[in-house]
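Residue-level structural notes
One letter stands for each residue in the lines below.
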Amino acid sequence: MRGPLLSGPLGSAASLTALGRWLAGVGPVVVLGPVWLAETLAATTGVVFLDEPDDRRVLSRARRRADKAGKKLAIGLAGAELPLRRASLGALVIENVAGLSAEEASRWVEALVPCLRPGGRLVAIDATTSHTAAARVAGVFLSAVLVEIVQEWPRDGVVLTVGAAPAAAVVEARFGSAGATP
């Protein structure tokens, strides 16, 4: 598995193989990141890709390519409010958490955690060489009550941060039950 030519370290075989290992056997997988990442992951697992409505031409091309290649890729349009039900996802892949401020990253991750089933995985893939940025992402995962947090550096310049959603009672205590979507 390998990303497109200009995908950089995130699209390297080592990065995508490591990401694939963390997603094996979980589903459904939702990708909030670049379309090429969703297309690449769809070669080995079913993927739902959510993107902004202003990218309709890019999304139409991705849909045609996936259909032609027989990939399991569903594409949805989403704005600031994501159409995700509570406790419905086996895995969620996000990109560039390390590029956000700690406050923005916390708000984003905390909005996503309630969408994971207990034991569901949140996987952040970041292009960074900064151990400080990686530690900040791990701290955000910890503050969002994720458990079994692991960081993997599959190659220089890429860090995967993986956390599992805790029991439903813990999510309820931390985030409450109001609102079905983040």
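See the structure printed just above.
Computed from a predicted structure; not experimentally measured.

Further remarks concern the sheet that holds strand β7 (residues 158-164). Ordered by their spatial adjacency, seven strands build an open sheet running β3-β2-β1-β4-β5-β7-β6, and the pairing between neighbours is mixed. Strands with a single pairing partner mark the edges of an open sheet, and in this sheet they are β3 (73-77) and β6 (147-155). Adjacent strand axes in the sheet meet at a mean angle of 20°, parallel and antiparallel pairs treated alike. Here strand β1 (residues 29-32) pairs with strand β4 (residues 89-95) via four bridges, running parallel. In the strand pairing of β4, Leu32 is matched with Ile94. Docked against the sheet, helix α1 (residues 13-23) engages β1, β4, β5 (116-127), β6 and β7, running at close to 160° with respect to β6.

Before going further, it helps to examine the nonpolar core. In terms of nonpolar packing, the biggest core is built from 26 residues, with Leu19, Leu23, Val31, Leu37, Leu41, Val93 and Ile125 touching the most fellow members. The set of elements that each furnish at least two residues to this core consists of α1, β1, α2 (35-41), β2 (47-51), α3 (56-69), β4, β5 and β7. Looking at this core element by element, the count peaks at five residues for α2. Apart from the residues lying within four places of it in its own chain, the contact partners of Leu19 are Leu37, Leu41, Val93, Val123, Ile125 and Leu160. Formed by 25 residues, the second largest nonpolar core is a distinct cluster that contains Leu84, Leu112, Ala133 and Val137.

What counts, and at which threshold
Residues numbered from 1 in each chain as written. Predicted model: local features only at pLDDT ≥ 70, side-chain atom pairs only at ≥ 80, totals over all residues. Heavy atoms only, no water. Pairing = 2+ DSSP bridges. Helix = DSSP H or I, 4+ residues; strand = E, 2+ residues; numbered from the N terminus. Axes fitted to C-alpha atoms, helices over the stretch in contact; angles between N-to-C directions. Contact = heavy atoms within 4.5 Å. Core = buried A, V, L, I, M, F, W, Y, C linked by side-chain atoms within 4.5 Å. Buried < 20%, exposed > 50% of the residue type's maximum accessible area, 1.4 Å probe, protein only.

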